[in-house]
Amino acid sequence: MTTLTISQASCADDYDPNSMPVDKARAFIHQFLAPVTATLRVPIRSALGRVLAEDVISPVDVPAHRNSAMDGWAMRAADLKGEGETTLQEVGASFAGKPFMGTVKAGECVRIMTGGVVPAGADTVVMQERAKAHGRSITFSGSNKAGQNVREAGEDLTAGSVALRRGRIVRPAELGLIASLGIGEVSVYRPLRVAYFSTGDELKSIGTALGEGEIYDSNRYTLHGMLTRLGCEALDMGVIRDDPKALETAFREAAANADVVITSGGVSVGEADFVKDMMAKLGEVVFWKIAMKPGRPLAYGKIGAAHFFGLPGNPVSVMVTFYQFARDALLRLMGASPVEPLPTFTATCTARLKKAPGRTEFQRGILARAPDGSLAVRPTGEQGSGILKSMSDANCFIILGDKVGNVEPGTAVEVQLLEGIV
Ligand code: AMP
Ligand code: MG
């Protein structure tokens, strides 16, 4: 358990907060992420998207019986010629759920369907495509090996072994796996409570007319979507004016009611100063200028027991910093383990990209198969950090590392998908 405080860690850090590399900021945040501990037992369907708080131990062998992987006939391997034809007498059938109760003797075979129990005496299955039936005389051909097409009991899991480890996020495959063990309830971590609000005098909520220079608040909607998708309990605290008193009240209320507080806006140069003063009073927060685009200003810290992420105000910056910093941190706090970094791929960029070395850029792209089958990516057009349409049109980030400069068409670039299959 780390007892390191944020101020100790930031002093020990030899990086300039005014030019913080993306990886370094991630690693810094990582030091303070102790997962929730409270758990609850839920029926397995309700566990979808939640994190397992205990190992799931298999109470049974999976599969429970030695069974056939094919439709065909079961027999003794010793009766089959390795090559050439063999004729055996069919003495019964073993269908899924309706086993053959006898023993297969020399010269005999049993009709068997996929999932059917391999009867006593038999050890091998020949698939029906390699058999010809004349009444009860079945002739097998082709080359056959002892034990083929037989799934052994306990081949997937033996009784008493760990089917799923604590920390695993329950997806459809896990639901099915748990159900296959006959388990109806599992222990999961309680949901992570994340309170969020937008800051800015120019922000209006939907349903109110806009005055001169005012805009509708969109960040609370993207945050609602991203937090809900991740499996967090999202607590919307509305829009807070750029007023120290109102902000202080909001921060105190959020920190008292949630595990994590996320805000957007108010951390950029000029605005950060009074927020900094306030944070010095409420908790311990570091303010960074991350060497990235979009999403340069970012604050991270603790307000009481709550973690705090101060995201920039620009709508695209909010999404990029959420995915690149908050996502992994929230998963860890939710109890997920291991938290794998989002996978990246290499694709050929088909357009010219403007890029300055010295920072990581997360441009928004469309990844697709080129006619030759290779992966190709193109940017979604205008890449301004306020242009949410560039995110909406995208299916991936094009990640251009610190050292990279302008990208010419035909260059290989790193991409990261915005959506997963599950
Ligand atoms: P800030 O970081 O507060 O200086 O905001 C940077 C830019 O993002 C400004 O143009 C703000 O108007 C805009 N912005 C801030 N918060 C929001 C929000 N919740 N929804 C839409 N735009 C926002
Ligand atoms: Mg603002």
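Please read these numbers as outputs of a predicted model, since none were measured by experiment.

Here we take up empty space enclosed by the protein. Picture a little ball the size of a water molecule; that probe, rolled over the atoms, points out where space is still empty. In the structure shown here, the tally under the stated rule is two cavities of 30 Å³ or more. Approximately 90 Å³ is the volume attributed to the largest cavity. Lining the largest cavity are T199, D242, L247, F251, T263, G265, G266, V267, E271, F274, V275 and F308. Those elements giving two or more residues to the lining of the largest cavity turn out to be helix 5 (244–257) and helix 6 (272–282). Grouping the constituent residues of the lining of the largest cavity by class yields six nonpolar, four polar and two charged. Within this model, the second largest cavity holds a volume of roughly 40 Å³.

On to the sheet that holds strand 9 (residues 137–140). The strand order 7-4-6-5-9-8 describes an open sheet built from six strands, whose pairing is mixed. Strands at the two margins of the open sheet, each flanked by one partner only, are strand 7 (124–127) and strand 8 (131–134). Between one strand axis and the next, the sheet turns through 40 degrees on average, direction left out of account. As paired strands, strand 4 (residues 72–75) and strand 7 are joined by four bridges and run antiparallel to one another. The partner of M75 across the bridge, within strand 7, is T124.

Moving on to the packing of helix 5 against helix 6. Helix-helix packing: each pair is described by the crossing angle between the helix axes and the interaxial distance. Orientation of helix 5 relative to helix 6, taken along the N-to-C sense of each, is 40 degrees, at an axis distance of 11 Å. Comparing their axes, helix 6 and helix 5 come out oblique. You can see that helix 5 and helix 6 cross each other, and the crossing is right-handed. Between helix 5 and helix 6, the residues in contact are P244, L247, E248, F251 and R252 and F274, M278, M279, K281 and L282, respectively. Its residues placed into classes, the contact of helix 5 with helix 6 shows seven nonpolar, no polar and three charged.

Here we come to the layout of surface pockets. When its volume is computed, the second largest pocket comes out at roughly 490 Å³. Around the second largest pocket sit 26 residues that line it, and V22, D23, R26, Q324 and P341 are the ones nearest its centre. Where the lining of the second largest pocket is concerned, the elements lending two or more residues are helix 2 (22–30), helix 7 (315–333), strand 23 (360–369) and strand 26 (412–417). When grouped by side-chain class, the residues that make up the lining of the second largest pocket number 13 nonpolar, six polar and seven charged.

As a further point, take the site of ligand 1. In the neighbourhood of ligand 1, 16 residues make up the surrounding shell, with E202, D217, G266, S268 and E271 lying closest. The side chain of E202 places a nitrogen or oxygen atom 2.6 Å from an oxygen atom of ligand 1. Calculation on ligand 1 without its partners gives an accessible area of 480 Å², and the protein chains cover 78% of this total. Along the lines of polarity and charge, the residues of the shell around ligand 1 split into four nonpolar, nine polar and three charged.

The next subject is the packing of helix 4 (residues 219–230) against helix 7. It is the contact of helix 4 with helix 7, at a shortest axis distance of 11 Å, that shows an interaxial angle of 25 degrees. Relative to helix 7, helix 4 is oriented roughly parallel. You can see that helix 4 and helix 7 cross each other, and the crossing is right-handed. Contacts between helix 4 and helix 7 involve N219, T222, L223, M226, L227 and L230 from the first element and P315, V318, M319, F322, Y323, R327, L330 and L331 from the second. Residues belonging to the contact of helix 4 with helix 7 are distributed by class as follows: eleven nonpolar, two polar and one charged.

Taken together, the side chains of I206, L210, Y216 and Y221 present a nonpolar region at the surface, about 420 Å² in accessible area. Inspection of the secondary structure puts L210 in the loop between strand 14 (203–204) and strand 15 (215–216).

Spatially, 16-13-17-21-20-18 is the arrangement adopted by the six strands of the open sheet, whose pairing is mixed. Here the strands that pair on one side only, and so sit at the sheet edges, are strand 16 (233–240) and strand 18 (283–289). Adjacent strand axes in the sheet meet at a mean angle of 15 degrees when their direction is disregarded. Of the strands in this sheet, strand 18, strand 20 (297–303) and strand 21 (306–311) touch helix 6, which is tilted by about 145 degrees from strand 18.

Turning next to the pairing of strand 12 (residues 185–189). Most of strand 12 is tucked away, with four of its five residues classed as buried. Taken together, the five bridges between strand 1 (residues 39–43) and strand 12 define a ladder with antiparallel strand orientation. Within strand 12, the residue paired with T39 across the bridge is Y189.

Let's shift gears to the pattern of salt bridges. The final tally for this structure, using the stated rule, is 18 salt bridges. Here R26 and D23 are joined by a salt bridge, their closest N and O atoms 3.3 Å apart. With a gap of three residues between them, R26 and D23 both fall in helix 2, about one helical turn apart. Classification of D23 by relative accessible area gives exposed; the value is 56%. The network of salt bridges with shared partners includes R168, R171 and E174.

Each value, and the rule that gives it
- One numbering rule holds for all chains: residues counted from 1, following each sequence as written.
- For this description, chains carry letters from A and ligands carry numbers from 1, given in the order in which they are written.
- Whole-chain, interface and lining totals are the exception, using all residues; otherwise, since this is a predicted model, local features are given only for residues with pLDDT of at least 70 and side-chain atom pairs are given and counted only at 80 or more.
- With hydrogens and water set aside, each side-chain value is computed from the structure's full complement of heavy atoms.
- Here the term cavity refers to a set of points on a 1 Å grid, laid over the protein atoms alone, in which a 1.4 Å probe fits but cannot get out; the term pocket refers to an open set having protein on both sides within 12 Å along at least five of seven lines, with lining residues being those that place an atom within 4 Å of a point.
- Grid points are joined across faces, edges and corners, and a volume is the space filled by probe spheres set on the points.
- Secondary structure elements are defined from DSSP: runs of H or I of at least 4 residues count as helices, runs of E of at least 2 residues count as strands, and each element is numbered from the N terminus.
- The residue classification treats Ala, Val, Leu, Ile, Met, Phe, Trp, Tyr, Cys and Pro as nonpolar and Asp, Glu, Lys and Arg as charged. All others, Gly included, are polar.
- Two strands qualify as a pair provided that DSSP identifies no fewer than 2 bridges between them.
- To obtain an axis, a line is fitted to C-alpha atoms, over the contacting stretch when the element is a helix, and the angle between two such axes runs from 0 to 180 degrees between their N-to-C directions.
- Oblique is the label for any angle not covered by the other classes, which are roughly parallel (under 35 degrees), roughly antiparallel (over 145) and roughly perpendicular (65 to 115).
- The hand of a helix crossing depends on one turn: near helix anticlockwise from the far one by less than a right angle means left-handed, and clockwise means right-handed.
- Contact between two residues is taken to exist if any of their heavy atoms lie within 4.5 Å; hydrogens are not considered.
- We call a residue near a molecule or strand whenever a single non-hydrogen atom of that residue lies within 4 Å of it.
- Under the rule applied, a polar contact is a pair of N or O atoms within 3.5 Å (in protein, one hydrogen donor and one hydrogen acceptor; residues adjacent in sequence only if both atoms are side-chain atoms).
- Surface exposure here means Shrake-Rupley accessible area, sampled with a 1.4 Å probe, where a residue is shielded only by the protein chains that are shown.
- For patch building, the residue pool is restricted to those with more than 30% relative accessible area and no salt bridge; the joining distance is 9 Å between like charges and 5 Å between nonpolar side chains (Val, Leu, Ile, Met, Phe, Trp, Tyr).
- Only one rule defines a salt bridge in this text: a Lys or Arg side-chain nitrogen within 4 Å of an Asp or Glu carboxyl oxygen.
- A 1.4 Å probe rolled over the protein chains alone gives each residue an accessible area, and that area as a share of the maximum for its type sets the label: buried under 20%, exposed over 50%, partly exposed in between.

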